Amino acid sequence: MSRPLSDEERRRQISVRGLAGPENVGELKRNFNRHLHFTLVKDRNVATSRDYYFALAHTVRDHLVGRWLRTQQYYYEKDPKRIYYLSLEFYMGRTLTNTMVNLGLQSGCDEALYQLGLDMEELQEIEEDAGLGNGGLGRLAACFLDSMATLGLAAYGYGIRYEFGIFNQRIAGGWQVEEADDWLRYGNPWEKARPEYTIPVHFYGRVEHGPGGARWLDTQVVLAVPYDTPVPGYRNNTVNTLRLWSARAPNDFNLKDFNVGGYVQAVLDRNLAENISRVLYPNDNFFEGKELRLKQEYFVVAATLHDIVRRFKSAKFGCRDPVRTSFGSFPDKVAIQLNDTHPSLAIPELMRILVDEERMGWDEAWDITVRTCAYTNHTVLPEALERWAVPLLESLLPRHLQLIYEINQRFLDRVYASFPGDHERLRRMSLGGGGAVKRINMAHLCIVGAHAVNGVAEIHSQILKDSVFKDFYDLEPHKFQNKTNGITPRRWLVMCNPGLAEVIAQRIGEDFVSDLDQLRRLRDFVDDESFIRDVAKVKQENKLKFAAYLEKVSGVRVNPASLFDVQVKRIHEYKRQLLNCLHVITLYNRIKKDPGKPFVPRTIMIGGKAAPGYHMAKMIIRLVTAIGDVVNQDPAVGDRLRVLFLENYRVSLAEKVIPAADLSEQISTAGTEASGTGNMKFMLNGALTIGTMDGANVEMAEEAGEENLFIFGMRVPDVEALDRKGYRAQEYYDRLPELRQAVDQLSSGFFSPRQPDLFRDIVNMLMNHDRFKVFADYEAYVKCQEKVSALYKNPREWTRTVIRNVAAAGKFSSDRTIAQYAREIWGCEPSRQRIPAPDGPPGITGTPPPNPGTPSEPPPGTPLYRARLNPPTQNLPNSPPERTRQRIPRPETPGSSGGPPREPPGNPPGTPRTRNPPPPRDTPRVSSAPPNPPQIPLQ
């Protein structure tokens, strides 16, 4: 079997319709050398692969800077409504390749590195994942940023610059071991510190009421220092900003303590303040009422709200001095989207700013707050809903607790007026409540203080209205909406699956990259034999490539001809990895019972991280590894069944495994998964889905046809009926022999002979208190898996089903989701219009088609991936530079994105110095700043 082609080798084979021009490649090489020498202060004798990665990253960033500046200038000139997306998590992953795709630089960079004798894939693997999120919620925020930039929205992401992101997972002895994710240890080439916009954030203290209003006094101050990361849209010259706050202690030490040793202790105590941005909390489906977490939530909210108000006051005027004094237009110029309840304190914080600092009346301030804020709910699990203890809030944020009390009282007065005498309804809808310790329900606060509340899939939004927030829906039904989640096709197709992207582009063109609905046109090719062959070939090459990766990183060999059955997501009981495990055991038992019977070979891969304090999730990981130990070492099984746990699942690993998957496991109990986005990624990349009618699976089945997915198990009404009847696991255990055999093997220690009772807790949970009813869906799941195997035996029909799924994936673009948010919640219209290029005159509202010679813009009709024709002509990393009279290349002008060096490297001594001729008038040089830029800060 031939080895899989690398992405670079694939691109070399593709049509020569649009090549990276030699002048573009030459400029990229010069800029690469310039950064290697001047930014990294290295030469080729001592440079490492990491140095080459950083040189490439800075070279690519040069092409962002001019667009970044021009985008902000354009926003100040046009003064559009600005969108602020507040999230405690942004799971960005790697930036380099995504940026090259969005700027159209990938072909040129590929060719430049090829000529320099460097391996693009090797450099890409060096980049650290920016793991500032736990899973779906943080990755959704990252996809939304990409779409907001692509749709030309004046949008800003706001979050925390965690020093340590989601932990790195290592499997030792079958158990999960957490290691710190020190993702910043080598620096981050994509961010820019903005200390000039540092904002003081206050905690603790006391509140004093007087004739002038409330004053928050005697507070402890922590400084919020912003770090900006550019977020480019897809080839539209728009580069938006992700601003992440880092906590710093103020420097106002009391010097009189110096002589008594207090100074050193004071310096050491700075760490207490800076711990706020030290680490991401590794739980996103379980609420922990820890003080540090509450500090994080208020920290990001307070810094962001002050930044928003500052920008509102100074927008369009090009200065930081307050100019706008009236807040009447605030909701017309500002939209704040709260990504779950984590930033819910934005509501009382905005009220505090308007009432206490701007001296506004309550009614006017409340009207502005409600019209500005909107809330997205991401879960129906009760343990995930935030309820902060009143004593903690009273200590940490005394003024905000007072404001919440006032909001609650006025709200309950309105409820009572609508439902007089219904005291039970008042109790249910109150923002406060609880038992011995009174708590504030932050979801209720968000609903009351927002003008729009949305779920993230149709079934989820309906559950919110029917049960979770039914009382609020009865009072204000106009607030509730649905916005089904989506994924960005730039990262999750073009970047991670270039083979499939090119096969699609050859049939329907490339416009699908920014208009995913065009994938519907692939339905015309369901019976096209050449297309069927091409899609199947791409999938097989992706499987070969991932198999080679697995062998390289873990030493595990898998059969690339087997069915790749993949379940990758956070480890949680409601996601039912245990149901998958029971099926694996059942397959194993069937092979052992009848070894001569033909079986469709399967490689079952399960991956994901368990929250460090979640015992049952860690036991599930241990069970997967234990099953793998038995199955993979049984000679009677051979390569017909392999079980792997994918260690340290993260964005960059998802980009490898998803294109290689044949079967996507989306098997949560109906009514528990809000939406899911992994299901959409697998669908777009040509995996078929086995799943329940839960989350976005419902809409995927509607789009593709339920017959093109493997749907099984209980629906939401069935689950509700079983709850009313009473779920009894023993009944299923007694009735289903294969289930009983699998459970007995867990109980007896078959998979853990050295510790027979190792999985006692799992068995006890399944038999006695399984909230997610694994046994109830076991029989239907096993039968559905038999249908999967039967279809896989027919490769042509399997691939035709894959094509139908890919053709139906257009709805699940985050571009569609964001367009709906913009029109239906934020009150602004997305635009595909390209803003002025950085090399064009300012003030122009449109630009002509890009010139093919411009290195940062591809010519019209250029394919997604371009051929490389020229063989390597230089091997710079291995050839030492001249050390006599040769001058190191330097930029033509300070701050430029990199002009040609004044003297080409490699000239022999004595060669007359000549300046390169200026570029032709129709080939503008990309500059990092436009001519005569207005004097405004980049914000």
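Residues numbered from 1 in each chain as written. Predicted model: local features only at pLDDT ≥ 70, side-chain atom pairs only at ≥ 80, totals over all residues. Heavy atoms only, no water.

With that settled, the discussion passes to the sheet that holds strand 25 (residues 710-711). The strands making up a sheet associate through backbone hydrogen bonding, with each pair oriented either parallel or antiparallel. As summarised here, the arrangement of the six strands in space is 22-21-20-23-24-25, forming an open sheet in which the pairing is parallel. Here the strands that pair on one side only, and so sit at the sheet edges, are strand 22 (641-646) and strand 25. The pairing of strand 21 (residues 602-607) with strand 22 spans six bridges and is classified as parallel. Its bridge partner being in strand 22, Met605 is matched across the sheet by Leu644. (Pairing = 2+ DSSP bridges. Helix = DSSP H or I, 4+ residues; strand = E, 2+ residues; numbered from the N terminus.)

Of all residues in the protein, 84% attain a pLDDT of 70 or more, and the chain-wide mean is 88. Within the model, pLDDT remains below 50 along residues 11-18, and this stretch shows 24 contacts once partners closer than five positions in the same chain are excluded. For residues 891-938, every residue scores under 50 in pLDDT, and the model assigns this stretch 82 contacts once sequence neighbours within four places are set aside. (pLDDT = per-residue confidence, 0-100. Contact = heavy atoms within 4.5 Å.)

The next point concerns the nonpolar core. Met148, Phe203, Phe299, Leu519, Phe546, Phe775 and Trp826 are the most contacted members of the largest nonpolar core, which totals 260 residues. At 11 residues, the largest contribution of residues to this core is made by helix 9 (residues 291-314). Among residues more than four places away in sequence, those in contact with Trp826 are Lys81, Ile83, Met148, Leu153, Ala335, Gln337, Ile818 and Tyr821. Counting 29 residues, the second largest nonpolar core, distinct from the first, contains Tyr53, Phe54, Cys109 and Leu118. (Core = buried A, V, L, I, M, F, W, Y, C linked by side-chain atoms within 4.5 Å. Buried < 20%, exposed > 50% of the residue type's maximum accessible area, 1.4 Å probe, protein only.)

This part covers the pattern of salt bridges. This structure, assessed with the given rule, holds 64 salt bridges. Between Arg715 and Glu706 there is a salt bridge, and its shortest N-O distance comes to 3.0 Å. Judged by relative accessible area, which is 33%, Arg715 ranks as partly exposed. In this structure Glu706 comes out as partly exposed when scored by relative accessible area, which is 36%. As a salt-bridge pair, Glu797 and Arg796 come within 3.4 Å of each other at their nearest N and O atoms. By sharing partners, the salt bridges in this structure join Arg194, Asp228, Arg243, Asp307, Arg310 and Arg311 into a single network. (Salt bridge = Lys/Arg side-chain N within 4 Å of Asp/Glu carboxyl O.)

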